Amino acid sequence: MTNQTAPSLSSQTGEEFLAEGRAAITAARADVATFKALPADTSSSDVAEALDQIGRTLNEVSGRIHLYSQVHPDAKVRESAEELERELSAFGTELSLDREIFDRIAAVDLDAITDEQEKRLFVTSLRDYRRSGVDQDEATRARITALKSELTEIGQEFDRNIITGGSEFVIEDGLEGLAGLPEDYKAAHQPGEDGAVRISTDAQDRMPFMTFAERDDLRKAYHKLCNNRACPDNLGVLQTLLEKRHELATLLGYANWADYVTEDKMAKSGANARSFIERVLELSDKRSLAENDELLAEKRQDDPNATVLYEHERAFLAERVRRRKYDFDSQSVRPYFAYPKVRDGILATASKLYGVDFVRNDDVERWHEDVEVFDVVEDGQVSARMFLDMHPRAGKFKHAAMFNKKTGRRDGPIPEGTLVCNFPQPKDGDPGLLLHDQVTTYFHEVGHLLHYLFSGKQKYQQFGGIATEWDFVEVPSQLFEEWAWDPTILATFATHHETGEPIPAELVERMRRAEEYGKGLQARGQMFYALLALTYYESDPTGLDTTERLIELKNKIMLSPHVEDTHMQASFGHLHGYSAMYYTYMWSLVISKDFFSRFNGDLMNSETAREYRAKVTGRGGERDAADLCRDFLGRDYDFTAFEAWLNA
Ligand SMILES: [Zn+2]
């Protein structure tokens, strides 16, 4: 699709952006001064407005700062954005330890407030200030500040070691060692002058090799190498990370880091997270054992006396079962998923469900010519704006994610959100064909985007956008993925790029069954990781042997023996970013399955969709997520739908 008019590209330089960002921080400092100068008899609603104003001022640039640091084509603007990120983060830490702001909020008489949102603003602010340690004595606050800055560096070191701590796997036998791998993989890994093939331990090389390589001995050796990435360096770094976080949590009055980090999430405590994980393990037990038997039977076709499955065999055997049993090749659906059709189809689906129109707007300024802008129009009014930056280019973020651009507010700006993805681009006769996996990702990210755009009408800035609990965040996105698997929905837009024929329902059904094979084992594996992360963080780590703890858990949960001298924890990146909360994706999945059951198989039921918007996504952070669930479901969420899906 070509633009009708030339897109208006931003001409802002890095220096201009830096100046704009700094001006916003200066303006926010003035807001802080105004807040502190409020007379003692100021009404609580005026105090709330003045408090929220600090965030409103920053909102004018904060979204773009993070976005531009990841996507802007001008390296100078990216550098300015990174500098501003650091300045913004320092300002945030300073605010969170500002005793004067805290005292002013604490002086408000909460019992006298009748407005629910106003009260919530104070209650959550007080909680966040306490969690940051603002009410501790001076010596403790100094230690907290020091610990936080140490933790930033330790976390960066942990991440950096994972990025740089991989190694090269040398296959002396050359291309013969790549037997079973797709042609494009072989083409990308031609032998060197010595005849050997070299592959990295990075995900893009690792996943295909473990899935397709026919040589068992090579998979075995490679698996061991992969499970020692960032090793031994990160074993020590992890130990320090656990110890410093434990110290911080106990200084703040918590028994351990797991309790601290889950307190303001739906889980509320480490113990609740643990029971959740144990529950999912129990529910997935039967199916995962049956799937495991199936894998073992597959192995016995080559080795009739086999009794044990090893880690390096699992992906390979699962792929063989999938092909033999379900006769599905993921390349076979690509001709139905040309990029423009997928985009238009997803927007049309959302449009029908929610009764909104997506109107292309070529007049809005954007940062790159590939970026497309759509206005969300309701009742003749533009209520939100979306930016789609969907194709790869040099210097751009490599994954798929929703980025804020500007958070909306009832009497303030309209919300502006951005999807940043890396899907094939239609160009010079190439239709830009997506894998179904990418189509699912597209639905997932639009689920996040709609959540963000619909929640931009709150009274206070603080509750706008995705200001909800971390373990609830993946509900709207995982819910919308369901639409990517429905044959009727897919047939409305997925037509063959050459013949124009809609995707056959039978093909979608086969694809679904192939995809669902292994979901029991997958749930079991995910819960192993979740329990490992939680275990590391739920007690005093002094003297903890992270490898020993890992082996203990693996023997209890996983159905393959631990491989001696491997240390996967050293490259388990979530141990930094998510810390104890690896369970959150599954937590959200349980809720999204429950929400999906309300559609009763009628995916185009716009009445249910609009109720979902009114009661869940449209509410942003103005209520606890558990209350939003109760409101939409008419009861507390439960495991029934999840269990039915798992055992279907
Ligand atoms: Zn997501």
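Residues numbered from 1 in each chain as written. Predicted model: local features only at pLDDT ≥ 70, side-chain atom pairs only at ≥ 80, totals over all residues.

J.: What should I look at first to understand the overall build of the chain in this one?
T.: Of regular secondary structure, the chain possesses 26 helices and 7 strands. For the chain, whose C-alpha radius of gyration is 26 Å, the value lies close to the compact-globule estimate of 26 Å for 648 residues. Principal-axis analysis of the C-alpha atoms gives the chain an extent of 85 × 65 × 55 Å. In the chain, which comprises 648 residues, the share counted as buried stands at 38%. Taking the contacts inside the chain whose residues are at least 6 apart along the sequence as the reference set, 73% of them involve residues at least 24 apart. (Helix = DSSP H or I, 4+ residues; strand = E, 2+ residues; numbered from the N terminus. Rg over C-alpha atoms; globule rule 2.2 N^0.38 Å. Buried ≥ 20, exposed ≤ 12 C-beta atoms within 10 Å, placed from the backbone. Contact = placed C-beta atoms within 7 Å.)

J.: Is there a simple way to explain the domain arrangement of the chain in this structure?
T.: Frequently, the measure chosen for interface size is the accessible area removed from exposure when the parts meet. As far as domains go, the chain holds domain 1 (14-135) and domain 2 (168-226). Using C-alpha coordinates to define each centre, domain 1 is positioned 50 Å away from domain 2. (Domains from an automatic or database assignment.)

J.: How do you make sense of the nonpolar core when you look at a structure like this?
T.: Nonpolar side chains tend to gather and get buried jointly when the protein is soluble and globular. In terms of nonpolar packing, the biggest core is built from 128 residues, with Ile277, Phe337, Ala530, Ala533, Leu534, Ala580 and Tyr583 touching the most fellow members. Ranked by the residues each element gives to this core, the list is headed by helix H20 (residues 519-537), at 10 residues. The residues contacting Ala533, other than those within four sequence positions of it, are His574, Leu575, Tyr578, Ser579, Ala580 and Tyr582. (Core = buried A, V, L, I, M, F, W, Y, C linked by C-beta atoms within 7 Å.)

J.: Just to check I follow, could you spell out the packing of helix H17 (residues 474-481) against helix H23 (residues 584-597) for this structure?
T.: Packed helix pairs are characterised by how far apart their axes lie and by the angle those axes make with each other. Between H17 and H23, the least distance of the axes is 8 Å, while the angle of their chain directions is 55 degrees. Judged on the interaxial angle alone, H23 and H17 are oblique. Both H17 and H23 take part in a crossing whose hand is right-handed. Between H17, through Glu474, Val475, Gln478 and Leu479, and H23, the contact on the second element is made entirely by Thr584, Tyr585, Ser588, Leu589, Ile591, Ser592, Phe595 and Phe596. Its residues assigned to classes, the contact of H17 with H23 comprises 7 nonpolar, 4 polar and 1 charged. (Axes fitted to C-alpha atoms, helices over the stretch in contact; angles between N-to-C directions. Parallel < 35°, antiparallel > 145°, perpendicular 65-115°, else oblique. Left-handed = near helix turned anticlockwise from the far one by under 90°. Nonpolar A, V, L, I, M, F, W, Y, C, P; charged D, E, K, R; others polar.)

J.: What is the right way to read helix H16 (residues 436-454) from this model?
T.: What sets the pattern is the α-helix's 3.6 residues per turn: residues three or four places apart point alike. End to end, H16 covers 27 Å across 19 residues, agreeing with the expected 27 Å (1.5 Å per residue, within 8%). Among the 19 residues of H16, 16 are classified as buried, and the element is accordingly described as predominantly covered. (Expected span 1.5 Å × (residues − 1).)

J.: I keep staring at the pairing of strand S1 (residues 168-171) and nothing clicks. Help me out?
T.: Consecutive side chains of a regular strand alternate in pointing toward one face of the sheet and then the other. Burial of the side chains of S1 is restricted to one face: Phe169 and Ile171 are buried, whereas none of Glu168 and Val170 on the reverse face is. Looking at chain direction, S1 and strand S2 (residues 197-200) are connected through 4 bridges and run antiparallel. Following the sheet pairing, Ile171 is matched in S2 by Val197. (Pairing = 2+ DSSP bridges.)

J.: What's the story with the sheet that holds strand S4 (residues 372-378) in this structure? I'm lost.
T.: Consider a sheet: its strands pair through backbone hydrogen bonds, and that pairing is either parallel or antiparallel. With mixed pairing, the 5 strands of this open sheet are ordered in space as S3-S4-S5-S7-S6. In this open sheet, the two strands that pair with only one neighbour each are strand S3 (357-360) and strand S6 (401-406). Between one strand and the next, the sheet's axes are offset by a mean angle of 30 degrees, whatever the strand orientation. The pairing of S3 with S4 spans 4 bridges and is antiparallel. Residue Phe358 lies in a different strand from S4, and its bridge partner there is Val376. Along the sheet face, helix H3 (residues 62-71) touches strand S5 (381-389), S6 and strand S7 (416-420) and points at about 135 degrees away from the line of S6.

J.: Can you help me understand the packing of helix H1 (residues 14-36) against helix H4 (residues 75-96) in this one?
T.: Contact geometry of H1 with H4 gives a least axis separation of 8 Å together with a crossing angle of 15 degrees. One element, H1, and the other, H4, form an angle in the roughly parallel class. Judged by the sense of rotation from one axis to the other, the crossing of H1 with H4 is right-handed. Residues Gly14, Phe17, Leu18, Gly21 and Ile25 of H1 form the contact with H4, whose participating residues are Lys76, Val77, Glu79, Ser80, Ala81, Glu83, Leu84, Glu87, Leu88 and Phe91. Per-class residue counts for the contact of H1 with H4 are 8 nonpolar, 3 polar and 4 charged.

J.: Would you explain unusual backbone geometry in this entry?
T.: Each neighbour pair has its own omega, and for Cys231 with Pro232 the value is 5 degrees, a cis peptide bond. Within the element layout of this structure, Pro232 appears in the loop between helix H10 (216-226) and helix H11 (233-251).

J.: Would you explain H10 in this entry?
T.: Here H10 has its buried residues at Leu218, Arg219, Tyr222, His223 and Cys226. End-on, the buried residues of H10 take up no more than an arc of 130 degrees, which puts them together on one face. On its buried side, H10 packs onto S1, helix H9 (203-212) and helix H14 (311-326). (Arc of directions from axis to C-beta.)

J.: How do you make sense of the environment of Arg366 when you look at a structure like this?
T.: When you line up the elements, Arg366 lands in the loop between S3 and S4. The class for Arg366 is partly exposed, based on 18 C-beta atoms found within 10 Å. Note: C-alpha distance between Arg366 and Phe387 (21 residues apart in sequence) is 8.3 Å.

J.: Before we go on, may I ask you to explain the environment of Phe122 in this structure?
T.: Of note, Phe122 is situated in helix H6 (residues 116-132). Excluding anything up to four places from it in sequence, Phe122 contacts Ala48, Ile105, Val108 and Leu110.

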